[in-house]
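Commentary on secondary and tertiary structure
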Amino acid sequence: MASQWRAVTALITIVLAIAIAPFLASSREVGQEIAFMFKNACSEQWNLFHHLGGNGPWVPYKTDIDIDLGSHCSVSQVHILSRHASRYPTKSVGMRIQRFQLRIRLVAEKLRTVLPFLNEWPDAFPVGEEIWFENLTRSGEYSGVKASFEAGMEFRDRYKDLIDNDDIEIPSIFSCSCTRVLETAKHFAAGFYGIPVDETVRHVVVPDKDYNRGGDTLTPVKQCRAYLNDHKSGRKRGYDMLQLYKNNFLNPIAERLNSMITDDDERAFVSSNEGKNDEIHNKNIDDYKFTNQDIWTMFELCGFEILIRGTSPWCDIFMESEWEQFEYARDLLHYYRTGPGTPYSKAMGFLYLNATTRSLISGPDLYGRTMFSFAHDGDIIPLLSVLGVLDEENEDGSTKHLSEEKIMPDRKWKLSTIVPMLGRIAIERITCLSTDGMDESIGVRLLINDGVVRLAACDANKVDLLPNGTCPIEIFEKIVSDIGHKIGSFEEACDLDEREGGHHITFLKQEKHVNPGEFHLRRD
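Residues numbered from 1 in each chain as written. Predicted model: local features only at pLDDT ≥ 70, side-chain atom pairs only at ≥ 80, totals over all residues. Heavy atoms only, no water.

Helix and strand counts for the protein chain come out as 18 helices and nine strands. Excluding contacts between residues fewer than 6 apart, the proportion of contacts in the protein chain whose partners are at least 24 apart in sequence is 80%. With an accessible surface of roughly 23600 Å², the protein chain has 49% of that area assigned to carbon and sulfur atoms. (Helix = DSSP H or I, 4+ residues; strand = E, 2+ residues; numbered from the N terminus. Contact = heavy atoms within 4.5 Å. Areas by Shrake-Rupley, 256 points an atom, 1.4 Å probe, with all protein chains shown as cover.)

Under the counting rule described, the total for this entry stands at 23 salt bridges. Close ionic contact of aspartate 331 with arginine 411 constitutes a salt bridge, the shortest N to O distance being 2.8 Å. Linking aspartate 331 in helix H12 (residues 320–337) with arginine 411 in the loop between helix H15 (377–387) and helix H16 (415–418), this pair joins segments that are 80 residues apart in sequence. Salt bridges linked by common partners bring Glu154, Arg158, Arg424 and Asp450 together as one network. (Salt bridge = Lys/Arg side-chain N within 4 Å of Asp/Glu carboxyl O.)

Under the counting rule described, the total for this entry stands at four disulfides. Across the disulfide from cysteine 224 sits cysteine 494; the S-S distance is 2.1 Å. Handedness of the cysteine 224-cysteine 494 disulfide follows from its S-S torsion of about -95°: it is left-handed. Of this pair, cysteine 224 sits in the loop between helix H7 (220–223) and helix H8 (225–229) while cysteine 494 sits in helix H18 (residues 490–494), placing them 270 residues apart in sequence. In this structure, cysteine 224 and cysteine 494 share a single accessibility class: buried. Here cysteine 302 engages in a disulfide with cysteine 315; their sulfurs sit 2.0 Å apart. (Disulfide = S-S within 2.5 Å. Buried < 20%, exposed > 50% of the residue type's maximum accessible area, 1.4 Å probe, protein only.)

Glancing now at the pairing of strand E3 (residues 202–206). The buried fraction of E3 is high, at five of five residues. By the alternation rule, side chains of E3 split into Arg202, Val204 and Val206 and His203 and Val205, which are all buried. Bridge analysis of strand E2 (residues 172–176) against E3 gives five bridges, and the strand direction is parallel. By the bridge assignment for E3, cysteine 176 is matched with valine 206. Of the pairings in the sheet, the one linking E3 to strand E9 (residues 517–520) comprises four bridges and is parallel in character. Counted as the bridge partner of histidine 203 is glutamate 518 from E9. (Pairing = 2+ DSSP bridges.)

So, about the environment of valine 386. Here valine 386 lies in helix H15. Under the relative-accessibility criterion, valine 386 is labelled buried at 5%.

Because the α-helix completes a turn every 3.6 residues, residues three or four places apart line up on one side. Across its 25 residues, helix H9 (residues 235–259) extends 37 Å between first and last C-alpha, which sits within 8% of the 36 Å expected from 1.5 Å per residue. Taken as a whole, H9 carries its principal kink of about 35° at lysine 246. The set of residues buried in H9 consists of Gly238, Met241, Leu242, Tyr245, Lys246, Phe249, Leu250, Ile253, Ala254, Leu257 and Asn258. The inward-facing, buried residues of H9 abut helix H11 (292–309) and H12. (Expected span 1.5 Å × (residues − 1). Bend = angle between axes of the 7 residues up to and from the residue.)

The next subject is unusual backbone geometry. Of note, the amide linkage connecting isoleucine 195 to proline 196 takes the cis form, showing an omega dihedral of 0°. Within the secondary structure, proline 196 is located in the loop between helix H5 (179–193) and helix H6 (197–200). One non-glycine residue, asparagine 449, lies in the positive phi region at around 50°. Turning to its location among the elements, asparagine 449 is positioned in the loop between strand E6 (440–448) and strand E7 (451–453).

Take H15 next. By the criterion of burial, H15 is predominantly enclosed, with 11 of the 11 residues buried. Of all the positions in H15, only Asp377, Gly378, Asp379, Ile380, Ile381, Pro382, Leu383, Leu384, Ser385, Val386 and Leu387 are classed as buried.

Turning our eyes to something else, we now look at the pairing of E6. Burial of E6 is extensive: seven of the nine residues sit out of reach of the surface. Counting the residues between successive antiparallel strands, the hairpin from strand E5 (residues 424–433) to E6 contains six residues, one of them, glycine 437, with a positive phi of roughly 75°. With two bridges connecting them, E6 and strand E8 (residues 471–472) associate as antiparallel partners. Looking across to E8, one finds that valine 444 is bridged to cysteine 471.

In the contact formed by helix H2 (residues 91–106) and H11, the axes pass within 10 Å of each other and the chain directions differ by 110°. Taken together, the axis directions place H2 and H11 in an arrangement best described as roughly perpendicular. Of the two elements, H2 crosses H11, and the hand of that crossing is left-handed. In this structure, H2 contributes Val93, Arg96, Ile97, Phe100 and Arg103 to the contact, and H11 contributes Gln293, Asp294, Trp296, Thr297, Met298, Glu300, Leu301 and Phe304. Here the residues of the contact of H2 with H11 sort into seven nonpolar, two polar and four charged. (Axes fitted to C-alpha atoms, helices over the stretch in contact; angles between N-to-C directions. Parallel < 35°, antiparallel > 145°, perpendicular 65-115°, else oblique. Left-handed = near helix turned anticlockwise from the far one by under 90°. Nonpolar A, V, L, I, M, F, W, Y, C, P; charged D, E, K, R; others polar.)

This paragraph deals with the confidence of the model for the protein chain. Per-residue confidence for the protein chain averages 87 on the pLDDT scale, and 85% of its residues sit at or above 70. Residue range residues 12–43 is modelled with pLDDT below 50. Its contacts to residues more than four positions away, or to other chains, number 49 contacts. The model gives residues 279–284 a pLDDT under 50, and that stretch makes five contacts with residues more than four places away or in other chains. (pLDDT = per-residue confidence, 0-100.)

With that out of the way, let us pick up the side chain of glutamate 327. Positionally, glutamate 327 belongs in helix H12. Residues in contact with glutamate 327, not counting those within four places in the same chain, are His50, His51, Arg411, Lys414 and Ser416.

One finds Leu115, Phe290, Ile295, Trp314 and Trp323 to be the most contacted residues of the largest nonpolar core, which totals 111 residues. Broken down by element, this core gets its largest block of residues, 10 residues, from H11. In this structure, phenylalanine 290 is in contact with Ile104, Leu111, Val114, Leu115, Ala254, Leu257, Asn258, Ile295 and Met298, ignoring residues within four places of it in sequence. In terms of nonpolar packing, the next biggest core, distinct from the first, is built from 37 residues, Leu136, Ala185, Ala189 and Leu466 among them. (Core = buried A, V, L, I, M, F, W, Y, C linked by side-chain atoms within 4.5 Å.)

Scanning the entire structure with this criterion turns up 29 aromatic pairs. With 6.1 Å between their ring centres and 25° between their planes, tyrosine 88 and tryptophan 132 make a pair best called stacked. Residue tyrosine 88 is located in the loop between strand E1 (73–83) and H2, and its partner tryptophan 132 is located in the loop between H2 and helix H3 (144–158); the two are separated by 44 residues in the primary sequence. Note on tyrosine 88: relative accessible area 13%, which makes it buried. Relative to phenylalanine 326, the ring of tryptophan 323 has its centre 5.7 Å away and its plane inclined at 85°; by these criteria the two rings are edge-to-face. Of this pair, tryptophan 323 and phenylalanine 326 both sit in helix H12, three residues apart, which is roughly one turn of that helix. (Phe/Tyr/Trp six-rings, centres within 6.5 Å; stacked < 30°, edge-to-face > 60°.)

This is how it looks when you write it as C-alpha cells:
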C-alpha cells in the first residue's frame with residue numbers, strides 16, 4: 001500500500017509540475033522574480049509576507065522550541081484545524097478592486113511618477129472574471145490548489161506512523177460547507193491519503209450556518225446569534241475598531257502619494273486628453289487624487305495579486321512603516337471581531353477545544369489517530385483566544401488589549417503569522433517512553449503554523465520524559481475543564497434555544513465501517 005501511494009503521489013507531483021510550468025516560464029519572460037523580498041517594500045531583514053495581515057501565503061510561526069520530539073517520543077494522535085488555502089478576494093473586495101482598476105486607468109498618465117508600472121501592468125482582476133471571487137487560486141507559485149495538496153504530502157511525511165499503524169479502512173476528514181474550504185480539504189486529503197479521494201476518504205461536510213445544529217459545528221462564529229446581533233461587543237466591533245485606526249494612518253499615506261504627482265505629470269495628462277469630451281472626461285478627473293479608500297485597496301491588491309501571480313508592483317509603493325500600519329489595522333479587525341477583544345470569542349473557541357480534549361484523553365483506540373478539520377480564519381482565532389496563548393497583561397495583571405490609537409510593536413497578536421492562507425493549529429497527543437521502556441508519559445502540545453507554543457499553565461508541571469513545550473495530559477485536562485466551568489455553555493453565551501441543536505461537537509472522530517465520498521451532516 002505504501003509503495004502504491006508513493007507511486008501515485010510521484011505521478012501527481014509530475015502532473016502538477018507540468019501544469020505550472022507555463023506560468024513559471026511566463027514569469028521568467030517578463031522578468032518577474034517570485035521571491036519573499038520585494039525590492040522597495042522590503043529590506044534584507046524584513047519579510048513582506050509577515051505583514052500582509054492574513055492576505056498572504058502561508059508562513060511559519062517562529063518560536064524558540066524545537067519541533068523535533070527526539071527518539072523516545074512520538075505522536076500518537078493529532079488534531080489539525082486549518083484555514084482554507086490561498087483564495088481570490090471576496091466578492092465585495094474584488095469588485096472594489098475592479099472599480100479602482102477602471103478608475104486608475106483613466107488617469108494613468110497623470111500618475112506616471114507615482115505608478116510608473118501602470119501602463120504595462122495587466123489588471124489583476126479583470127471585469128468579467130468575477131466567477132473566481134471567493135474561490136481557491138488555481139495557478140502560480142502560491143496556488144491554493146497546489147498548496148493544499150503539498151501540505152497534505154508534508155503532513156503525510158510528518159505523521160506517517162499514524163497511518164501505518166491505523167486500522168481505519170476509510171479515514172474521515174472534516175470541513176465546513178463553503179466551497180473554498182471544502183476544496184482545500186479535498187486537495188489536502190489527496191496529498192495525505194492519496195487519490196482518488198472520493199473512493200478512499202469519507203469527507204464529513206458540516207453546514208456553515210444551521211442554527212438547528214447549535215454547537216455541533218466547525219463554524220461557531222456563524223452559529224452564535226448573540227454575537228452576530230450584538231453591535232457593540234459582537235462581530236461589528238472589529239469593523240468599528242478598524243475604522244478608528246484607518247482614519248489615523250491612511251491620511252498621511254494619501255498625502256505622501258498625492259504630493260508625488262508632478263507638474264510634468266499634470267501637463268502630460270492634460271495634453272493626452274485634449275479634444276476629448278466624452279462622458280468619462282466630464283467627471284472632473286483632472287482633479288483626481290488618491291483617497292483613503294484607494295490606499296487601502298492598493299494594500300489589499302498587493303496581497304491578492306501575490307496569491308495569483310507570485311509578485312505585485314503595488315507592494316513597492318509603500319514603505320516598511322506603512323506596511324506595519326496596514327498589518328496592525330488588520331490585526332485590530334480580527335482581534336476585536338473574533339479574538340480576545342470580543343467577549344463571545346472564548347465560548348466559540350471552547351467548542352473545538354472541548355471536542356479535541358475528549359479525544360486526546362480517550363486516546364486513539366477510541367477516537368482515531370488523525371482528525372483533520374478545515375474552516376475559516378474567524379473560526380480558528382477563537383481557539384487561540386480560549387487557550388490564551390497570545391494573551392498579554394498590564395502591570396496590574398489585567399488583560400492588555402490592542403490599542404486603536406497606536407501600534408503595539410511587541411505584541412504577540414500578529415494575524416500574518418497566525419492565520420495566513422492555509423494557517424493551521426495542531427494539537428498533538430505525545431507519548432514518551434523511558435530508555436528502558438518501563439515508564440510512559442503522555443502529554444499534549446500545541447503548534448501554530450508548525451511552531452511549538454507553550455501553554456503557560458503547564459510550565460510549573462513539567463515532566464522529565466516529555467519534550468519542551470509539552471503539557472502533561474492530566475494537567476491539560478484540568479486546564480480545559482477549568483476553562484469550561486468559567487465560560488459556561490455555548491447556548492447561553494450565544495442566546496440559542498436549547499432545542500436548537502447539540503451542546504457540543506459530536507462528529508470529530510474516526511469511525512469504522514463507513515463509506516467513502518462526501519457525507520453532509522444535517523439536523524432535523
